[in-house]
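Structure at a glance
Residues per chain are reported as follows:
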Protein chains: 2
Amino acid sequence: MKQSKWIWYPGDFELYHSMLLHNRRRVNGVYKNLNSQKEIDVADTYYYPMWRVDAPRRNCTLIKKAKIENKETVEFFSNADNACMIINGKYHAPGTKVELEKGEYTVRLTGFKNSGFPCFYIKGDTFASDESWEVNDFDKKGEKAGCNNSYLSPDDDPEVFKFSYKRLDPVSITRTAGGVVYDFGKEVFGKITLKNTIPKNCELLIVLGETVEEATDIYEANNVLNAIVKDGEYVSQSSALRYAYIPDFEGETELYLDFEYLDIEDVAEFKCDNELINKIWDTCVYTLHLNMREGFFDGIKRDRWVWSGDAYQSYFVNYYLTRDKETVKRTIRMLRGRAPITTHINTITDYTFYWICSIWDYYYFTKDTEFVRDVYPDMLATLEFIEGRLSEDKMYTTRNGDWVFIDWAQFDRKEGPICAEQMLLCHSYKAMASCAELLDDTKTKDYCLDRARYMEERINQLYWDKEKGAFVDDYTSGRRNVTRHANIFALLFDLTSKERQDSIIKNVIYNKEIAPITTPYFEFYELDAMCKIGDFKYVTDMLDSYWGGMLRLGATTIWEEFDPKMQGTEHYAMYGEKYGKSLCHAWGASPIYLLGKYALGVRPTSAGYATFDIVPNLMCFNNIEGKVPVLDGYVSVKMDKCSITVLTDMEGGTLVYNGVRYPVCKGEELRITI
Amino acid sequence: MKQSKWIWYPGDFELYHSMLLHNRRRVNGVYKNLNSQKEIDVADTYYYPMWRVDAPRRNCTLIKKAKIENKETVEFFSNADNACMIINGKYHAPGTKVELEKGEYTVRLTGFKNSGFPCFYIKGDTFASDESWEVNDFDKKGEKAGCNNSYLSPDDDPEVFKFSYKRLDPVSITRTAGGVVYDFGKEVFGKITLKNTIPKNCELLIVLGETVEEATDIYEANNVLNAIVKDGEYVSQSSALRYAYIPDFEGETELYLDFEYLDIEDVAEFKCDNELINKIWDTCVYTLHLNMREGFFDGIKRDRWVWSGDAYQSYFVNYYLTRDKETVKRTIRMLRGRAPITTHINTITDYTFYWICSIWDYYYFTKDTEFVRDVYPDMLATLEFIEGRLSEDKMYTTRNGDWVFIDWAQFDRKEGPICAEQMLLCHSYKAMASCAELLDDTKTKDYCLDRARYMEERINQLYWDKEKGAFVDDYTSGRRNVTRHANIFALLFDLTSKERQDSIIKNVIYNKEIAPITTPYFEFYELDAMCKIGDFKYVTDMLDSYWGGMLRLGATTIWEEFDPKMQGTEHYAMYGEKYGKSLCHAWGASPIYLLGKYALGVRPTSAGYATFDIVPNLMCFNNIEGKVPVLDGYVSVKMDKCSITVLTDMEGGTLVYNGVRYPVCKGEELRITI
């Protein structure tokens, strides 16, 4: 018998788990309640998502037609409230096993499920359920059924996201005056589990903290569990923490953590002679993994939603760390949601543009045409949505309800379309054109290239300030304000002439009068640009001061933001809350990308990694050694002051050093002395 | 405290109950199973809906802003999995009671529910939950919250449709050779209930039938229950039946029916000196009531779905029988479903056109501007959908996936656009224009009137056959075939000149060579047209032969179809099944409409019943007497060969007799001798 998979309406698995995760956030904490008899109360309230959250379909119909030459059986399963399998017009209930004689068959699976989403499973040969089944709905026909390799057994439940779990003991348990502090030694994520509690049935408070300060500050901590112990046991929802604190409890209990994670293998490796950098690399890897969940999260303490701009950076880090494509694909689908499109992704204009770009980048790094084909109709609909909101001269303009983000930095957002948005849209047109070309949609390709050319010209006309030798934020206010953002994009996306790029480097990048980038979010683009222009010192200084700065303060994962000028618990505050900062934030993992791309120097030079260069650079190190994933293979690179050694199991690689190109043969170690 | 109502995203109550009812149909029956040890098996399989079924939202946010002058409390309830009430930014969980001081407040209710749909309830004064709350979503803002008067208590559950129930005993219980037959005396609908069964735990078969032949024909009956009795009791899902049959059961049981219905008051009355007609009237009333459920059903045995063309006729019957607006409004919302529109309603082109017409008709009979305003955005979207599929010359043309129905009769459907569809679209433009005018949308009004004028001209150009003196089905095939359908529409909707109408009456209506209407569905329009042209004899003959014919055969409700030439159980067969015909079909209730409109003669002469004529006509009777609902009032009419008496509690009425118009004063009986 063929391996069967649970199947569903394509995209509905992602919509469902996205719906759950976006509705999971809670406001909780402890407050002194003046009305209650109890001295303190635990607030535990739903926190509603900040954008439209789409639900999967509750009805689904899938179909497969085939001719069989020999007898076969089909056995039908479904999780739906009502479902049937219709074979050549005859209805069969779930649980039915039907013998098919040689002949032609049309098999239709259809069902309704009020909660969750309807899924089907057929044990069989020709009709084994998998992606060869097609949607046969009143809206759509012919799309491939959704499925994935985590749900292969009839006992699997696609409504339960398949995490792995492992039980962790606290590395230390400390009794304090007020209670007991459990320390897991580093940031973790999972379910707090109590065992052998006495009294067997009781209520107790568990305060979680990413720091010990937070965990023991019960009125300010973000995450407080009102644990209702039954028969000595309790299991919490999954949360982020390093410390758990049980105040004022006179009984006994054993506290564990069921660590929840996805078992994704790392391909990349990095080592150098600077131990701090090695530790940064390891910490970045751990940070990214903690944020790789149903989708790429921004941070695991809060809000655990999926944000397109944040995820966009995680994708790049992931391409330089693992071979996992599933988390990228799930995130892209979650972000898009369901038709009709009525607002920008996460309500943020730039986040819609990143979404389009991310699909071409995905192909560029993975060579997965199928996925591009699957989401291409959504790309077209997204482009239509964007174009329905352009200005009369077909440039981006802010419409009511659009959140123009780019960065937390100050822009003249209200004054008119800002340059960085135009650049992202222009870059999206190019990404769209590349995808269209990949799928032989020449009309769209030509159209998008034409739009991109037009926009590039207009951007260079409208936003370039000759006197300042830089792009200005907007051209309508007359203020001609220069920020780094648009100018960084101009360098990264090659949006202007070599001459103007040089001018940007001089007048913006190295101009101390231009306000610095203050968020690690946009730092990603700045560091990428700095490496692109070859200023590796800037990057290694940042690694030391910014990432190293956190590690020196004891960080076990990379924070949402870091300001070396702050003191003590000041570091943990953000968004007006004492412990509002996320201490495990995905965008902090960018060194993996930077070191892989610019130190080990592995970079695709054509789509789908058909060709790639290896341009190792010691930066400030004496030696570096590591590995980068390339499609299903890898490249390993070793460099010191005397030699470079590379080995890859993939074709298409070229070692580049000092302007000389050395083709690298698959499976053959290449060593050059320098 | 103000009366609060459960509130939800507008339209979601209807979407939810529509989703449930469209997913409730089952294929069941008994078959000899060769593989099973049991001699017979009961098949019980889900039968999937024939069109896209839309689900309600799983996330919903509603808002209300107000300033209060005095202290108030708000107490918050929700059925959602996760919900909160946010008062001026502060989060509160369900179950919370909050005291508000004098001041300005923004209160937001938001929640997520995986199954069903999220609903909210606030006990309070200013903030009592009702239609004064508004949607505040990422898609939409400002739409009134959904609610209805059936869900007023915090204990109510909007996910349970509020039917009334009454327990019925069988009128006779007959032991036959094979088992026991329970007869409820007439067609009923509800839950079969067993009590005091011995053995207390057992399985038994209950075969339902609209006729005794069906109930006792276990292999052919449509509806067979495999009753699993626990503790002596069993309750079935609701079904249609007159007879229940328990074959081969050696134990004992008591069988009842929990009759399920909506308690809707009849306003209309009709009596004449012909007892058969009186019985027809009563039977029609009962038939319509049985089909007034979550929406207007086609038939209660099968399929119990909501069909736009069928419902369209029920609306008219309802306007002449009750003051109930809720069932009409629910049905209209159920039929429309959720954006985006991708297929015609029920996949049938004409059914989309009827849907538009039904909204203007609804206003015409009810004066309910609010509902028109509520569904107007859906009307505009529907028009946009229709217009996106017109031909180049802006006439209707069949697109892939469109079901062109009009009637089961033969048309040249494949040859090109058929005349009757063009006429319905033209009529829809007029209905749309009237709604637009009502809502002061002058642009749409002018546009639609212009389109209607254009279409009327084109229809008269393209489809009129001078030689035949009639409209032909199509103009592309060259066959110039004449059927009654388009010509009936031309008369009913005044789509052509007086001269051509006379020609139609002569060359089509009274031309025996033109194939007769064979379905009771289209008979509705033919009888309406015959009354309009004053041929009451045709109508009373039909009442006697068609409706009377069924009653003579013992019908207790009006059938889906009736052919006097058939014999015995031939009457019950349809769609290739021995008992496939529905014996309680809503469209059979049209005599209520015809007798109210043309015998009692009550007809609105302007929108919203602002003015109305009373044009009584004895037809073939010696005397008639009755009552017709007019908005919140009524008109009662009594006529014999010597006099007419009318009384109404509404203003705007005029008695019309023999061309003379007698104004009728509200509350004053007017009697004229004739």
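The rules we used
- Counting from 1, residues in each chain are numbered in the order their sequence is written.
- To label them, take the chains in the order written and letter them from A, then take the ligands in the order written and number them from 1.
- Residues qualify for local features only when their pLDDT is at least 70, as the model is predicted, and side-chain atom pairs are given and counted only at 80 or more; totals for whole chains, interfaces and linings, by contrast, use all residues.
- Processing note: side-chain calculations cover all non-hydrogen atoms of the structure and skip hydrogens and water entirely.
- The fit set for superposing copies consists of C-alpha atoms from residues with pLDDT of at least 70 in both; the fit itself is least squares.
- The contact rule is simple, with two residues in contact once any of their heavy atoms fall within 4.5 Å.
- Numbering of helices and strands runs from the N terminus, with a helix taken as a DSSP run of H or I at least four residues long and a strand as a DSSP run of E at least two residues long.
- Put simply, buried area is how much 1.4 Å-probe accessible surface two parts lose in total, over both of them, once they are put together.
- Definition used for salt bridges: Asp or Glu carboxyl oxygen within 4 Å of a side-chain nitrogen of Lys or Arg.
- Residues are grouped as follows: Ala, Val, Leu, Ile, Met, Phe, Trp, Tyr, Cys and Pro are nonpolar; Asp, Glu, Lys and Arg are charged; every other residue, Gly included, is polar.
- Working rule for helices: expected span equals 1.5 Å times residues minus one.
- For the exposure calls, accessible area comes from a 1.4 Å probe over protein chains only, and a residue counts as buried if that area is under 20% of its type's maximum, exposed if over 50%, partly exposed in between.
- The split of the chain into domains comes from an automatic or database domain assignment.
- Any two cysteine sulfur atoms within 2.5 Å of one another count as a disulfide.
- Following DSSP output, two strands are said to pair if at least two bridges run between them.
- Angular values range over 0 to 180 degrees, each being the angle between N-to-C directions of two axes fitted as lines to C-alpha atoms, with helices fitted over their stretch in contact.
- For our purposes a nonpolar core is just a set of buried Ala, Val, Leu, Ile, Met, Phe, Trp, Tyr and Cys residues, chained together by side-chain atoms within 4.5 Å.
- Any angle that falls under 35 degrees is termed roughly parallel, while one over 145 is termed roughly antiparallel, one within 65 to 115 roughly perpendicular, and all others oblique.
- In this scheme, a crossing is called left-handed if the near helix is turned counterclockwise away from the far one by less than a right angle; it is called right-handed if the turn is clockwise.
- Two joining distances apply to patches: 9 Å for like charges and 5 Å for nonpolar side chains (Val, Leu, Ile, Met, Phe, Trp, Tyr), and every residue must have over 30% relative accessible area and no salt bridge.
- Using the Shrake-Rupley algorithm and a 1.4 Å probe, accessible areas are obtained, with residue cover drawn only from the displayed protein chains.
- The positive count covers Lys and Arg only, the negative count covers Asp and Glu only, and His and the chain ends enter neither.
- Throughout, a charge is located at the NZ atom of Lys, the CZ atom of Arg, the CG atom of Asp or the CD atom of Glu.
- Throughout this description, a polar contact denotes any pair of N or O atoms lying within 3.5 Å of each other; where both atoms belong to protein, one of them has to be capable of donating a hydrogen while the other can accept it, and for residues adjacent in sequence the pair is counted only when both atoms sit in side chains.
- Pairing of aromatic side chains requires ring centres within 6.5 Å, counting the rings of Phe and Tyr and the six-membered ring of Trp. Pairs whose planes differ by under 30 degrees are stacked, by over 60 edge-to-face, and all others tilted.
- Any Lys NZ or Arg CZ found within 6 Å of a ring centre and within 35 degrees of that ring's normal is scored as a charge over the ring.
- Every residue is assigned a pLDDT by the predictor, reflecting its confidence on a scale from 0 to 100.

This part takes up the relation of the copies chain B and chain A. Mapping chain B onto chain A leaves a residual RMSD of 0.0 Å; the transformation is a rotation of 180° accompanied by 0.0 Å of translation along its axis. Here the copies are linked by what is in effect a two-fold axis. Across chain B, the rotation axis passes nearest the C-alpha of B:Ser115, at a separation of 2.0 Å. By residue overlap, the copies meet face to face through one surface: 100% of the interface positions of chain B are interface positions in chain A.

Our focus in this paragraph is the environment of B:Ile418. Residue and element names in this part refer to chain B. Within the secondary structure layout, Ile418 lies in the loop between α7 (369-387) and α8 (419-438). In this structure, the C-alpha to C-alpha distance between Ile418 and Gly95, residues 323 residues apart in sequence, is 59 Å. Excluding anything up to four places from it in sequence, Ile418 contacts Val404, Ile406, Phe411, Asp412, Arg413, Tyr463 and Asp473.

Each partner contributes to the interface: chain B provides 43 residues, whereas chain A provides 43 residues. Summed over both partners, the interface of chain B with chain A buries about 3300 Å², with 59% contributed by carbon and sulfur atoms. Of all residues in chain B, the largest losses of buried area upon contact with chain A belong to B:Tyr48, B:Arg58 and B:Phe138, amounting jointly to 23% of the total for that side. Where chain B touches chain A, the interface holds zero salt bridges. Going through the elements one at a time, α1 (12-22), β1 (26-32), β2 (40-46), β3 (59-68), β5 (82-87), β6 (90-92) and β8 (103-112) of chain B are the ones with two or more residues in the side of chain B that touches chain A. Its residues assigned to classes, the side of chain B that touches chain A shows 22 nonpolar, 14 polar and seven charged.

All names here are of chain B. By the secondary structure assignment, Gly179 is in strand β14 (residues 179-198). Through-space distance from the C-alpha of Gly179 to that of Thr110 is 56 Å; in sequence the pair is 69 residues apart. Not counting the four nearest positions on each side in its chain, Gly179 is found in contact with Thr174, Tyr245, Ile246, Pro247 and Asp248.

Here the focus is the environment of B:Thr397. The topology assignment puts B:Thr397 in the loop between α7 and α8. The contact partners of B:Thr397, leaving out residues within four places of it in the chain, are B:Arg389, B:Leu390, B:Ser391, B:Asp402 and B:Pro417.

All names here are of chain A. Between the first and last C-alpha of helix α8 (residues 419-438) there are 29 Å, a value that for 20 residues agrees with the 28 Å anticipated at 1.5 Å per step. With respect to burial, α8 is a largely interior element, 17 of its 20 residues being buried. Two residues or fewer after α8 comes Asp440, characterised by a positive phi angle close to 60°.

Next up on the list: the domain arrangement of chain A. Taken domain by domain, chain A comprises domain 1 (7-12 + 53-147), domain 2 (163-261), domain 3 (264-324 + 517-599), domain 4 (349-404 + 410-516) and domain 5 (601-673). On a C-alpha basis, the centroid separation for the pair domain 1 of chain A and domain 2 of chain A is 45 Å.

As a further point, take the state of the cysteines. Taken as a whole and judged by the stated rule, the model has zero disulfides over all chains. Free cysteine A:Cys284: the closest other cysteine sulfur is in A:Cys584, separated by 10 Å.

Residues and elements named next belong to chain A. Spatially, five strands are ordered β19-β24-β25-β26-β29 in an open sheet, and the strand pairing comes out antiparallel. The outermost strands of the open sheet, each flanked by one partner alone, are β19 (269-272) and β29 (670-673). Across the sheet, the mean angle from the axis of one strand to that of its neighbour is 10°, orientation sign disregarded. As defined by bridge partners, strand β26 (residues 643-648) adjoins β29 across four bridges and the pair is classed as antiparallel. In the strand pairing of β29, Ser643 is matched with Thr673.

Here the focus is the nonpolar core. All names here are of chain B. The biggest cluster of nonpolar side chains holds 172 residues, and the ones touching the most others in it are Phe270, Phe471 and Phe489. The element that contributes the greatest number of residues to this core is α8, accounting for 12 residues. When residues no more than four places from it in sequence are discounted, the contact partners of Phe471 are Cys419, Met423, Ile459, Asn460, Tyr463, Trp464, Val482, Ala486, Asn487, Ala490, Thr496 and Ile504.

This part takes up the packing of helix α12 (residues 520-532) of chain B against helix α14 (residues 590-599) of chain B. All names here are of chain B. One way to put it is that α12 packs onto α14 with a least axis distance of 11 Å and a crossing angle of 15°. Relative to α14, the element α12 is oriented roughly parallel. As for how α12 packs across α14, the hand of that crossing is right-handed. On α14, the residues touching Phe524, Leu527, Asp528, Cys531 and Lys532 of α12 are Ser590, Tyr593, Leu594, Lys597 and Tyr598. Residue composition of the contact of α12 with α14, by class: six nonpolar, one polar and three charged.

Let us now look at a negative patch on the surface. Residue and element names in this part refer to chain A. On the surface, Asp263, Glu265, Asp266, Glu269 and Glu625 cluster together into a patch of negative charge. The topology assignment puts Glu269 in strand β19. Glu269 gets classed as partly exposed once you look at its relative accessible area, which sits at 44%.

Before going further, it helps to spend a moment on helix α3 (residues 275-291) of chain A. Residues and elements named next belong to chain A. The terminal C-alpha atoms of α3, which comprises 17 residues, lie 24 Å apart, in line with the 24 Å expected from a rise of 1.5 Å per residue. Along α3, 13 of the 17 residues are buried, which leaves the element largely enclosed by surrounding structure. Capping the start of α3, Asn274 holds a side-chain oxygen 2.9 Å from the backbone nitrogen of Leu276, two or three residues further along.

A few words on the packing of aromatic side chains. Evaluated as defined, the whole model comprises 122 aromatic pairs over all chains. Judged by centre distance (5.3 Å) and plane angle (55°), the ring pair of B:Phe489 and B:Phe522 falls under tilted. Here B:Phe522 lies in helix α12 and B:Phe489 lies in helix α10 (residues 484-492), a separation of 33 residues in the sequence. If you follow A:Lys166 out to its NZ or CZ, it ends over the ring of A:Tyr261, 4.9 Å from the centre. Positioned over the ring face of A:Tyr286 is A:Lys186, at 4.3 Å from the centre of the ring.

It is worth spelling out the side chain of A:Thr645 at this point. Residue and element names in this part refer to chain A. Following the sequence through the fold, Thr645 ends up in strand β26. Judged by its relative accessible area of 13%, Thr645 falls in the buried class. Setting aside residues up to four positions removed in sequence, Thr645 forms contacts with Ser636, Val637, Lys638, Glu669, Leu670 and Arg671.

Our next topic: the sheet that holds strand β26 (residues 643-648) of chain B. Residues and elements named next belong to chain B. Taken in spatial order, the five strands make up an open sheet running β19-β24-β25-β26-β29, and their pairing is antiparallel. At either end of the open sheet lies a strand with only one pairing partner, and these are β19 (269-272) and β29 (670-673). Pairs of neighbouring strands in the sheet enclose a mean axial angle of 15°, with direction left out of account. As paired strands, β19 and strand β24 (residues 624-630) are joined by four bridges and run antiparallel to one another. Each bridged residue has a counterpart across the sheet, and for Lys271 the counterpart in β24 is Glu625.

Another aspect to go through is the confidence of the model for chain A. Mean pLDDT for chain A: 95, with 98% of residues reaching 70 or above. Model confidence for the complex is summarised by a pTM of 0.95, with the ipTM given as 0.94.

As enumerated under the stated definition, the model contains 74 salt bridges over all chains in all. Between B:Arg26 and B:Asp44 there is a salt bridge; the shortest N-O distance is 2.5 Å. Residue B:Arg26 is found in strand β1, and its partner B:Asp44 is found in strand β2; the two are separated by 18 residues along the sequence. In this structure B:Arg26 comes out as partly exposed when scored by relative accessible area, which is 34%. What emerges from the salt-bridge pattern is a single network uniting A:Lys144, A:Glu370, A:Arg373 and A:Asp374.

This next bit is on the pairing of strand β17 (residues 234-247) of chain B. Here is the key point about a regular strand: its side chains alternate between the two faces of the sheet. Residue and element names in this part refer to chain B. Counting buried positions along β17 yields 12 of 14 residues, so the element is predominantly enclosed. Inspection of the sheet shows β14 paired to β17 by 11 bridges, in the antiparallel sense. Residue pairing in the sheet places Val181 in a bridge with Tyr245 of β17. Two strands pair when backbone bridges link them, and strand β15 (residues 202-209) and β17 are joined in this way by three bridges, in the antiparallel orientation. By the bridge assignment for β17, Val207 is matched with Tyr245.

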